[in-house]
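Structural description and commentary
Listed here are the chains, written in short residue letters.
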Amino acid sequence: MTDEPAKPIRVALLGCGVVGSAVARMLVTNAADLRARVGAPVELVGIAVRRPAKDRTDLPVDPATFTTDAAELVTRADIVIEVIGGIDPARELLLSAMAHGASVITANKALLAEDGPTLYAAADAAGVDLYYEAAVAGAIPILRPIRESLAGDDVRKVLGIVNGTTNFVLDKMDTSGAGFEETVTQAQALGYAEADPTADVEGFDAAAKAAILASLAFHTRVRGADVFREGISDVTAADIAAAKAMDCVVKLLAICERTTGPDGDGINVRVHPAMIPRSHPLASVRDAYNAVFVEAQAAGQLMFYGRGAGGDPTASAVLGDLVAVARHRVAGGRGPGESAYADLPVLGIGTSTTRYHISLDVEDRPGVLAQVAQAFAAHDVSIETVRQHIPANSATGQAHANLVVVTHRATESALSATVDALAASPSVAEVVSVMRVEGA
Ligand SMILES: NC(=O)c1ccc[n+]([C@@H]2O[C@H](COP(=O)([O-])OP(=O)(O)OC[C@H]3O[C@@H](n4cnc5c(N)ncnc54)[C@H](O)[C@@H]3O)[C@@H](O)[C@H]2O)c1
Ligand SMILES: N[C@@H](CCO)C(=O)O
Ligand code: NA
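Procedures and definitions
- Residues numbered from 1 in each chain as written.
- Chains lettered and ligands numbered in written order.
- Predicted model: local features only at pLDDT ≥ 70, side-chain atom pairs only at ≥ 80, totals over all residues.
- Heavy atoms only, no water.
- Axes fitted to C-alpha atoms, helices over the stretch in contact; angles between N-to-C directions.
- Helix = DSSP H or I, 4+ residues; strand = E, 2+ residues; numbered from the N terminus.
- Parallel < 35°, antiparallel > 145°, perpendicular 65-115°, else oblique.
- Left-handed = near helix turned anticlockwise from the far one by under 90°.
- Contact = heavy atoms within 4.5 Å.
- Nonpolar A, V, L, I, M, F, W, Y, C, P; charged D, E, K, R; others polar.
- Near = heavy atom within 4 Å.
- Areas by Shrake-Rupley, 256 points an atom, 1.4 Å probe, with all protein chains shown as cover.

As a packed pair, helix 13 (residues 368-378) and helix 14 (residues 412-424) sit with axes 8 Å apart at the nearest point and diverge in direction by 150°. The angle between helix 13 and helix 14 places the two elements in the roughly antiparallel class. The way helix 13 lies across helix 14 gives a crossing that is right-handed. Each of Val372, Ala375 and Phe376 in helix 13 lies in contact with helix 14, whose residues at this interface are Thr418, Ala421 and Leu422. Of the residues assigned to the contact of helix 13 with helix 14, the class counts are 5 nonpolar, 1 polar and no charged.

If you want it as structure tokens, here you go:
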């Protein structure tokens, strides 16, 4: 008696842009290996596109595979891969796919951060898988390690560089000394930044990824809108120079922290530029690379590093999900569903604690340093270092000094009250900049 040949796994691909075309190519080129790893043939039954007339002859795919009817395509697949992006129609298509019994794979962080629970509920109702490794940090395996490998540990903190565009811009500002606008223009010319770079430079993309990371790490529903967000458009060449003077670099960080304090248990999730010491592992993340640093109770510190974007790297994560999901189809069973049992409160930014670098333009006369120190003391913010620099010429003729204060850890609310007091002080001409200092 011979074994029945395994039934093919029918895969539908939605979107054939940067990621979709790389996924299609890998699906076809690696078909024999995928078949062996899955235990059944993996058959690309259709690719939904918006512009069917576009020349796609470079792809090793039968032209009859392309369709403009994504809604119909999702009804005849075992696995649907969504790489269209945006909220709708991606959401409707994924919901319809699951309602028709398909498992789904998506790279769509915006949709997951906006409405992940609806997708999870649909996956549960249909008894199918919902996988999305590509949605955070592209090729880097980070979601499966948090969702599965660390499921027995207690994750305390996730600290990551999860946006390649902003890392590229900040890295170039660091090495060239150039300003933000000039560097973004250069990044656009090199294809690193989009024509409209808002989602990246204002931190929306990183905030969506932070929400996904925090949800998985802390078994709590966190939406993109819950994440405190500050982008990099206000980071100046002077900020970068100030970081250099402290032997630090500026990075856009996504920070997810489990906190236990007088206000009770909760989590802080925030995205903002911060100085980190050059000796910190994240400081060596250059160009458009991503890295995620995870701290868990028993595991200690772990670091994940690699390419966070690009067609092939992102397709690698999609195909990894595909093999996992297809194996479930062959052997039966499902991967993990949503885990939101901890239901921790997402605390306001005021409760988060970090160190701060504050640059002040002050009058150079007796008692000024004491008044500045008093503003910190009054709000219970402890000073770690103070550096004073006297500029060669003061434009006004008035004697001025530049004071750089670095604090010990303080809450954001205490720090912002201190900054308000400094701004109102007659001794302080200007609060030149305030930047958080992480990783030390
Ligand atoms: N590019 C990356 O490096 C990267 C990395 C990680 C995650 N992602 C995510 O992957 C997804 C796709 O990104 P991308 O860079 O490939 O974008 P893209 O713009 O290159 O491709 C999207 C494609 O979807 C098509 N499309 C739009 N609406 C459609 C519809 N209704 N039916 C069929 N096709 C439709 C578009 O015409 C386009 O070709 C996004 O969610 C993105 O956030 C991208
Ligand atoms: N725009 C993102 C890539 C997709 O997540 C980045 O710059 O990292
Ligand atoms: Na990933």
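Having seen it, we continue.
Moving on: unusual backbone geometry. As a rule of thumb, non-glycine residues mostly have phi less than zero, and peptide bonds are mostly trans rather than cis. For the peptide bond that leads from Asp88 to Pro89, omega is 15°, which places it in the cis range. When you line up the elements, Pro89 lands in the loop between strand 4 (79-82) and helix 4 (90-99). Even without glycine at this site, Asp343 takes up a positive phi of about 45°. Along the chain, Asp343 falls in the loop between helix 12 (311-331) and strand 13 (353-363). One non-glycine residue with positive phi stands out, namely Asp380, at about 65°. Mapped onto the elements of the fold, Asp380 is located in the loop between helix 13 and strand 14 (383-389).

Bringing the site of ligand 1 into the picture now. Every one of the 18 residues lining ligand 1 counts as a neighbour, but Val18, Val19, Lys109, Gly310 and Thr314 are closest to it. Its free accessible area being 820 Å², ligand 1 has 76% of it covered by the protein chains. Tallied by class, residues from the shell around ligand 1 come to 10 nonpolar, 6 polar and 2 charged.

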